[in-house]
Amino acid sequence: MTDEPLLRIVNLKKHFPVSSSLLTRLRPDHETENVRAVDGVDLTVNEGETLGLVGESGCGKSTLARVALRLVEPTDGAVYYRDDEVTAYDAQELREFRSKAQMIYQDPFASLNPRYTVRRTLVEPMAVHGIGDSKRDRDERAATLLERVGLSSRHLDRHPHEFSGGQRQRIAIARALAVEPSLIVADEPVSALDVSVQAQILNLLGQIREEMGLSILFISHDLSTVRRICDRIAVMYLGEIVEIGATHAVFHNPAHPYTESLLSSIPVPDPSVERKRIVLEGDVPTPIDPPSGCRFHPRCPRVIAPEGWTGTQKEWRRVFHFKKSVENGSVNPNAVRQQLELKQENVTDLDVVEEIYEEHITQAAIADRETVTLSDDVEETVRSAIASLVSGEREQALDLLAAEFTSVCQTDVPRKLSVADRQMVLCHLYDPQQPGTPEQGVQLQSDLDGDK
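An account of the accompanying structure is given in this report. These numbers come from a predicted model, not from an experiment.

Right, let's get into the nonpolar core. Grouped together as the largest cluster of nonpolar side chains are 93 residues, with contacts concentrated most on Ile 173, Phe 218, Phe 322 and Val 382. When near neighbours in sequence (up to four residues on either side) are disregarded, Phe 322 contacts Val 331, Ile 356, His 360, Ile 361, Val 382, Ile 386 and Leu 401. If you look at the next biggest cluster of nonpolar residues, it comprises 32 residues, including Leu 69, Tyr 81, Phe 97 and Ile 244.

Right, dumping it as structure tokens:
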């Protein structure tokens, strides 16, 4: 492996229109909503390297892979293969690029043409790209490829339905290798397979990488798998890369709170090992309208408190989550009043205020689930905001909360920062330009797998 980039992705974006209506076609200038699936990604895959791309479902991993290989056209940005701009290729250049970069898809039951024999599946790409001196030569190459991926030349004239899932994925790998590429993009290639078969396929990919000097972009949501086979890891959240670094560094010193939460979810087979599970609040926001500032801030367990905050992080999170609930309209005083009226008579505004405070502050149903007591001045501000909300003055409540409880994580887009040797993170916690950030100059430590 070298540090020379084979594939370089620069500010890559892919936005999909939500719908294509008659109005859109008649009025191209009409503003439409877009799904911002990939939104400004910078990434490199080095020569001979296996780079793991991880993240929750829907974060944009597969779209990034397809756009990088120009299976889908980008909205903006550029992709370079050995300093040649792939995004500027014409049809002929793009065809030549297909022999240098190949993809292995997730579903082995859908990625093979059911009407093609294995022979045709392997030989046709060779013929298209001019590999092999003759049909006989290509047939021999196909037989050799099958042997390399653990099958036999006697399988050449069979169809996909005659194989198991693991065998189909081996055929898909052989097809990718048929054109002698330098880069393989593997999009969750083992997620549809049994665990024992997964191990076989991963071992096969590792052997082929060593034998052929391949570079691999390995996409997965299984962090244990990524840890096993990847040299570096890139963590993706809502269309952005939030952390990237060497596998060992990311697993033992995760910098981004999202990375910490992902790693905390990895099962540990040793029951004697104690590890705190970091449970994220809420679901992944919609990529149609991603959050302002840091996109992770609505779910972040380490969201930064405003300068001058004297309470604990737990108290700050409780207040901040309440503020977000008011902003998104999930605090409904009328519904609370109706629930109280089922239990008691003569429900006053003060009763409603008390119930909302108890529900959202004292014992809020967020990840920590512990009783919280706020300082007198903070409690007074929160209660005043709730009172305004109960009296129908929602804007006044929002203004009051915004004036006192706004985080830099909500307002400012984080910069890409270096927290260690070639470990980059997109997070305000490490930004020396942000006053009062609790992690300035400090590397986060994680007790993963019992490591201290």
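Before going further, it helps to examine the pairing of strand 10 (residues 240–246). Within a regular strand, the side chains alternate between the two sheet faces. The buried count for strand 10 comes to six of seven residues, which makes it a mostly enclosed element. Examined bridge by bridge, strand 9 (residues 232–237) and strand 10 share six bridges and lie antiparallel to one another. The residue of strand 10 that forms the bridge with Ala 234 is Ile 244. Taking the residues between adjacent antiparallel strands as the criterion, strand 9 and strand 10 are bridged by two residues, where Leu 238 takes a positive phi near 50°. By the bridge criterion, two bridges tie strand 10 to strand 12 (residues 423–426) in an arrangement that is antiparallel. Pairing of Glu 243 across the sheet is with Val 425, part of strand 12.

This paragraph deals with the state of the cysteines. Summed over all chains, the structure comprises zero disulfides. Summary of cysteine pairing: Cys 300 is not part of a disulfide, and the nearest cysteine sulfur, belonging to Cys 409, is at 6.1 Å. Residue classification places Cys 300 among the buried residues on the basis of a relative accessible area of 7%. Cys 427 takes part in no disulfide bond, and the closest cysteine sulfur to it belongs to Cys 294, at a distance of 6.2 Å.

This paragraph deals with unusual backbone geometry. Positive phi, normally seen in glycine, also occurs at Asn 11, with a value near 45°. In this fold, Asn 11 is placed in strand 1 (residues 5–17). Here Asn 11 falls in the partly exposed class, since its relative accessible area comes to 34%. One non-glycine residue, Arg 422, adopts positive backbone phi at about 60°. Following the sequence through the fold, Arg 422 ends up in the loop between strand 11 (416–420) and strand 12.

Attention now moves to the sheet that holds strand 7 (residues 183–187). The strand order across the open sheet formed by eight strands is 6-7-8-3-9-10-12-11, and the pairing between neighbours is mixed. Each edge of the open sheet carries a strand with a single partner, namely strand 6 (101–104) and strand 11. Between one strand axis and the next, the sheet turns through 20° on average, direction left out of account. Against the sheet, helix 7 (residues 195–212) engages strand 3 (50–54), strand 6 and strand 8 (215–219), with an angle of about 155° to strand 8.

Turning our eyes to something else, we now look at the sheet that holds strand 5 (residues 84–85). By way of backbone hydrogen bonds, the strands of a sheet pair with one another, either parallel or antiparallel. Here four strands make up an open sheet; going across it, the order is 2-1-4-5 and the pairing antiparallel. Pairing within the sheet leaves two strands with one partner each, and these edge strands are strand 2 (34–46) and strand 5. For strand 1 and strand 4 (residues 76–81), the ladder comprises five bridges, and the chain directions are antiparallel. When the bridges of strand 4 are listed, Arg 8 appears paired with Tyr 80. Packing against the sheet, helix 2 (residues 61–68) makes contact with strand 1, strand 2 and strand 4, and its axis sits at approximately 115° to strand 1.

With that out of the way, let us pick up the packing of helix 4 (residues 118–128) against helix 6 (residues 165–177). For any two helices packed against each other, the geometry comes down to the angle between their axes and how far apart the axes lie. Where helix 4 meets helix 6, the closest approach of the two axes is 8 Å, and the angle between their N-to-C directions is 20°. Considering the angle they form, helix 4 stands roughly parallel to helix 6. With respect to the hand of their crossing, helix 4 and helix 6 are arranged in right-handed fashion. On helix 6, the residues that touch Val 118, Thr 121, Leu 122 and Pro 125 of helix 4 are Ile 171, Ala 174 and Arg 175. Split by residue class, the contact of helix 4 with helix 6 holds five nonpolar, one polar and one charged.

What follows concerns the packing of aromatic side chains. Scanning the entire structure with this criterion turns up eight aromatic pairs. Seen from their ring centres, Tyr 81 and Phe 97 are 5.5 Å apart, and the 75° between their planes marks the pair as edge-to-face. Placement of the pair is Tyr 81 in strand 4 and Phe 97 in helix 3 (residues 91–98), with a sequence separation of 16 residues. Both residues of the pair, Tyr 81 and Phe 97, belong to the buried class. Through a chain of ring-to-ring contacts, the aromatic side chains of Trp 309, Trp 316, Phe 320 and Phe 405 assemble into a single cluster.

Along an α-helix, residues three or four apart share an orientation, since each turn contains 3.6 residues. With respect to burial, helix 10 (residues 257–264) is a largely interior element, eight of its eight residues being buried. Every buried residue of helix 10 is listed here: Pro 257, Tyr 258, Thr 259, Glu 260, Ser 261, Leu 262, Leu 263 and Ser 264. The elements touched by buried residues of helix 10 are helix 8 (223–229), strand 9, strand 10 and helix 9 (247–252).

With that settled, the discussion passes to the packing of helix 6 against helix 7. The geometry of helix 6 relative to helix 7 is characterised by a closest axis approach of 10 Å and an angle of 15° between their N-to-C directions. Put simply, helix 6 runs roughly parallel to helix 7. The hand of the helix 6/helix 7 crossing is right-handed. Between helix 6 and helix 7, the contacting residues are Gly 166, Gln 169, Arg 170, Ile 173 and Leu 177 on the first element and Val 197, Gln 200, Ile 201, Leu 204, Leu 205, Ile 208 and Met 212 on the second. Residue composition of the contact of helix 6 with helix 7, by class: eight nonpolar, three polar and one charged.

Definitions and limits used
- Starting afresh in each chain, residues are numbered from 1 along the sequence in its written order.
- Residue-level local features of this predicted model are given only where pLDDT is at least 70; pairs of side-chain atoms are given and counted only at 80 or more, and the full residue set underlies all totals for whole chains, interfaces and linings.
- The basis for the side-chain values is all heavy atoms of the structure; hydrogens and waters are excluded.
- Note on terminology: a nonpolar core comprises buried Ala, Val, Leu, Ile, Met, Phe, Trp, Tyr and Cys residues joined through side-chain atoms within 4.5 Å.
- Each residue's exposure class comes from its accessible area (1.4 Å probe, protein chains only) as a fraction of the maximum for that residue type: buried when under 20%, exposed when over 50%, partly exposed otherwise.
- Should any heavy atoms of two residues lie within 4.5 Å, those residues are considered in contact.
- Secondary structure is summarised from DSSP: a helix means a run of H or I of at least four residues, a strand means a run of E of at least two, and numbering begins at the N terminus for each.
- Only strands that DSSP links by at least two bridges are regarded as paired with each other.
- By disulfide we mean two sulfur atoms from cysteines, separated by a distance within 2.5 Å.
- What counts as an axis is a line fitted to C-alpha atoms, over the stretch in contact for a helix, and the angles between N-to-C directions run from 0 to 180 degrees.
- Should an angle lie under 35 degrees it is considered roughly parallel, over 145 roughly antiparallel, and from 65 to 115 roughly perpendicular; all remaining angles are considered oblique.
- Each crossing gets its handedness from the near helix: less than a right angle anticlockwise from the far helix is left-handed, clockwise is right-handed.
- In this classification, the charged set is Asp, Glu, Lys and Arg, the nonpolar set is Ala, Val, Leu, Ile, Met, Phe, Trp, Tyr, Cys and Pro, and all remaining amino acids, among them Gly, are polar.
- Aromatic rings from Phe, Tyr and Trp, taking only the six-membered ring of Trp, are treated as a pair when their centres fall within 6.5 Å; an angle between ring planes under 30 degrees marks them as stacked, one over 60 as edge-to-face, and anything in between as tilted.

Limitation: the analysis is restricted to geometry and does not speak to function.
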